[in-house]
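Chain by chain, the residues:
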Amino acid sequence: MYYVYILTNKYNRVLYTGVTNNEIRREHEHIEGLHNGFTKRYNAKKLVYYECFGQIKDAIAREKYIKGKKRAWKISLIEEKNPTWENLSDMAAGVR
């Protein structure tokens, strides 16, 4: 399985879209700040959206599509499935 996900920070001020084949490992890397970059700089650790794909090419295409959209569109996408912006880490664990 491959996952496209959106992270935010405590105040929902930033949105980070990523793709991975191992959501548990990748989430750990974000939470622990193991890599310098956007998520570490802006403390984006809260999983607010994810989608699952069987093929990496489909996941990458969706990631690029989401990244190409404006913030307002991304907010609508998140709120369609997660209107209260809850941290979905525990729910996502069920699909891994």
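The following paragraphs examine the structure supplied in this document. In this numbering scheme, every chain counts its residues from 1 along its sequence in written order. Side-chain atom pairs in this predicted model are given and counted only at pLDDT of 80 or more, local residue features only at pLDDT of at least 70, and totals for whole chains, interfaces and linings cover all residues. Computation of side-chain values covers all heavy atoms of the structure but excludes hydrogens and water.

**Notes on the pairing of strand β1 (residues 2-8)**
Right, on to step 1. Only protein chains enter the accessibility calculation, which uses a 1.4 Å probe; a residue is then buried when its area is under 20% of its type maximum, exposed when over 50%, and partly exposed in between. Put simply, DSSP marks the helices as runs of H or I at least four residues long and the strands as runs of E at least two long, and each gets a number from the N terminus on. Summarising burial for β1: 6 of the 7 residues are buried, a large majority.
Right, on to step 2. Here β1 pairs with strand β3 (residues 46-53) via 7 bridges, running antiparallel. Paired with L7 across the bridge in β3 is L47.
Right, on to step 3. Relative to strand β2 (residues 16-20), β1 is paired through 5 bridges, and the arrangement is antiparallel. The partner of L7 across the bridge, within β2, is Y16. In this scheme, strands are said to pair when DSSP sees at least two bridges between them.

**A word on the sheet that holds β2**
Right, on to step 1. Taken in spatial order, the 3 strands make up an open sheet running β2-β1-β3, and their pairing is antiparallel. Lying at the two open borders of the sheet, with one neighbouring strand each, are β2 and β3. This sheet shows a mean twist of 20 degrees between the axes of neighbouring strands, independent of strand direction.
Right, on to step 2. Two residues qualify as a contact provided that any one of their heavy atoms is within 4.5 Å of a heavy atom in the partner residue. As a rule, the C-alpha atoms of each element are fitted with a line to give its axis, helices using only the stretch in contact, and angles between N-to-C directions run from 0 to 180 degrees. Seen against the sheet, helix α3 (residues 56-67) touches β1, β2 and β3 and runs at an angle of roughly 175 degrees to β2.
Right, on to step 3. Of the strands in this sheet, β1 and β3 are in contact with helix α4 (residues 71-81), which crosses β3 at around 85 degrees.

**With respect to the packing of aromatic side chains**
Right, on to step 1. Pairing of aromatic side chains here covers Phe, Tyr and the six-membered ring of Trp, requires ring centres within 6.5 Å, and sorts the geometry by plane angle: under 30 degrees stacked, over 60 edge-to-face, intermediate tilted. Applying the stated criterion across every chain yields a total of 2 aromatic pairs.
Right, on to step 2. Where Y5 meets Y16, the ring centres are 6.3 Å apart and the plane angle is 45 degrees; that geometry is what we call tilted. Taken together, the positions of Y5 in strand β1 and Y16 in strand β2 put the pair 11 residues apart, joining distant regions of the chain.
Right, on to step 3. Ring centres of Y65 and W73 lie 5.6 Å apart, and the angle between their planes is 85 degrees; on these two criteria the pair is classed as edge-to-face.
Right, on to step 4. A residue is classified by how much of its surface remains accessible, and Y65, at 42% relative accessible area, is partly exposed.
Right, on to step 5. Look at W73 and you get partly exposed, because its relative accessible area is 28%.
Right, on to step 6. Above the plane of the ring of W73 lies K69, whose end atom (NZ or CZ) is 5.6 Å from the centre. Here, over-ring charges are defined by two tests on the NZ atom of lysine or the CZ atom of arginine: distance to the ring centre within 6 Å, and angle to the ring normal within 35 degrees.

**With respect to the environment of E79**
Right, on to step 1. By the element assignment, E79 lies in helix α4.
Right, on to step 2. Taking the C-alpha atoms as reference, E79 lies 8.9 Å from V48; in sequence the two are 31 residues apart.
Right, on to step 3. A distance of 2.9 Å separates a polar atom in the side chain of E79 from a polar atom in the side chain of W85. Polar contacts, as used here, are pairs of N or O atoms within 3.5 Å; protein pairs need one atom able to donate a hydrogen and one able to accept it. Residues neighboring in sequence count only if both atoms are side-chain atoms.

**Details of the pattern of salt bridges**
Right, on to step 1. Should a side-chain nitrogen of Lys or Arg be within 4 Å of a carboxyl oxygen of Asp or Glu, the pair is scored as a salt bridge. The tally for this structure, following the rule as stated, stands at 3 salt bridges.
Right, on to step 2. For E63, the salt bridge is made with K67, and the minimal N-O distance between the two is 3.2 Å. In this pair, E63 and K67 are both assigned in helix α3, 4 residues apart and thus about one turn of the helix distant.
Right, on to step 3. A relative accessible area of 45% means that K67 is categorised as partly exposed.

Nothing here speaks to function; it is geometry throughout.
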